[in-house]
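What the coordinates show
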Amino acid sequence: MLTHGGGVSGKTIVEPYFAGTEETPCEEYIDHLAGSTRNNPHDDETFTRDLNGREVVIYKRTENTVNAFGTEVCEFRYLFAVPVIENVVLGFQVSGSYGTDNDLVYDDSVIDILLSHITF
């Protein structure tokens, strides 16, 4: 687990996930972690990226809210599912928040950065 700093608070978890089905292990990982929050009235989406011929499933959720200190923040959550071998997924959970008036934002470029460090 990694923690974020420098204007963005949050954490990143990288974990193996052993799916119960061969057909959609990446979707299973996303559903397992985001199932109850998917399709709620938030800004969320699910999309895919290609990583060396492997289809990576990515779930993204953002929401502007006010934190306990009365500051308006953007809360974000990314879930990535990278197929490794049959029924095994390398899962990423990235979550955190940053002030909406902050110059530093946490955007989709984090996906490319993390995925660029995976080799098969």
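Summarised in this report is the structure supplied together with it. Everything quoted here is computed from the prediction, not taken from an experiment.

Details of the overall build of the chain
Along the chain, the regular secondary structure elements total two helices and six strands. Beginning at the N terminus, the succession of helices and strands in the chain can be written as β-β-α-β-β-β-β-α. For the chain, the accessible surface area stands at approximately 7,000 Å², while carbon and sulfur atoms represent 49% of it.

Here's the deal with the pattern of salt bridges
Throughout the structure, instances matching the rule amount to three salt bridges. In this structure, Glu-63 and Arg-61 form a salt bridge, with 3.2 Å as the shortest nitrogen-oxygen distance.

Description of the environment of Leu-90
With respect to the secondary-structure elements, Leu-90 resides in strand S6 (residues 88–99). Relative accessible area serves as the criterion here: at 25%, Leu-90 is assigned to the partly exposed category. Separated by 72 residues in sequence, Leu-90 and Phe-18 have C-alpha atoms that sit 8.9 Å apart. The contacts of Leu-90, once residues within four sequence positions are left out, are Val-14, Glu-15, Phe-80, Ala-81, Val-82, Val-84 and Ile-118.

Quick notes on the pairing of strand S5 (residues 72–85)
Strand direction decides the pairing type here: strand S4 (residues 54–66) and S5, joined by 10 bridges, are antiparallel. Residue pairing for S5: Val-66 is matched across the bridge by Glu-72. Hairpin remark: S4 followed by S5, antiparallel, with five residues in the connecting loop; positive phi at Gly-70, about 80°. Pairing of S5 with S6 involves 12 bridges; the strand directions are antiparallel. Bridge pairing links Arg-77 to Ser-95 in S6. Connecting the antiparallel pair S5 and S6 is a turn made up of two residues, with Asn-87 showing a positive phi of about 65°.

Overview of the side chain of Arg-61
Note on placement: Arg-61 falls in strand S4. Residue classification places Arg-61 among the buried positions, given a relative accessible area of 17%. Within the structure, Arg-61 has its side chain in polar contact with the side chain of Glu-63 (distance 3.2 Å).

What to know about a nonpolar patch on the surface
On the surface, a nonpolar cluster with roughly 280 Å² of combined accessible area is contributed by Val-84, Ile-85 and Phe-120. Take Val-84: it is sitting in strand S5.

Here we look at the environment of Gly-7
Residue position: Gly-7 is located in the loop between strand S1 (2–4) and strand S2 (8–18). In this structure, the C-alpha to C-alpha distance between Gly-7 and Gly-99, residues 92 residues apart in sequence, is 7.6 Å. In this structure, Gly-7 is in contact with Ser-97, Tyr-98, Gly-99 and Asn-102, ignoring residues within four places of it in sequence.

Quick notes on the packing of aromatic side chains
Evaluated as defined, the whole model comprises five aromatic pairs. For the ring pair Tyr-17 and Tyr-29, a centre distance of 5.3 Å and an interplane angle of 65° mean the geometry is edge-to-face. Of this pair, Tyr-17 sits in strand S2 while Tyr-29 sits in helix H1 (residues 25–34), and the two are 12 residues apart along the sequence. Residue Tyr-17 is classed as buried on the basis of its relative accessible area of 15%. For the pair Tyr-78 and Phe-80, a centre-to-centre distance of 6.2 Å together with 80° between the ring planes defines the contact as edge-to-face. Phe-80 carries the same exposure label as Tyr-78, and that label is buried.

Rules and cut-offs
- Residues numbered from 1 in each chain as written.
- Predicted model: local features only at pLDDT ≥ 70, side-chain atom pairs only at ≥ 80, totals over all residues.
- Heavy atoms only, no water.
- Helix = DSSP H or I, 4+ residues; strand = E, 2+ residues; numbered from the N terminus.
- Areas by Shrake-Rupley, 256 points an atom, 1.4 Å probe, with all protein chains shown as cover.
- Salt bridge = Lys/Arg side-chain N within 4 Å of Asp/Glu carboxyl O.
- Buried < 20%, exposed > 50% of the residue type's maximum accessible area, 1.4 Å probe, protein only.
- Contact = heavy atoms within 4.5 Å.
- Pairing = 2+ DSSP bridges.
- Polar contact = N/O pair within 3.5 Å; in protein donor to acceptor, adjacent residues only side chain to side chain.
- Patch = residues over 30% accessible without salt bridge, like charges linked within 9 Å, V, L, I, M, F, W, Y side chains within 5 Å.
- Phe/Tyr/Trp six-rings, centres within 6.5 Å; stacked < 30°, edge-to-face > 60°.

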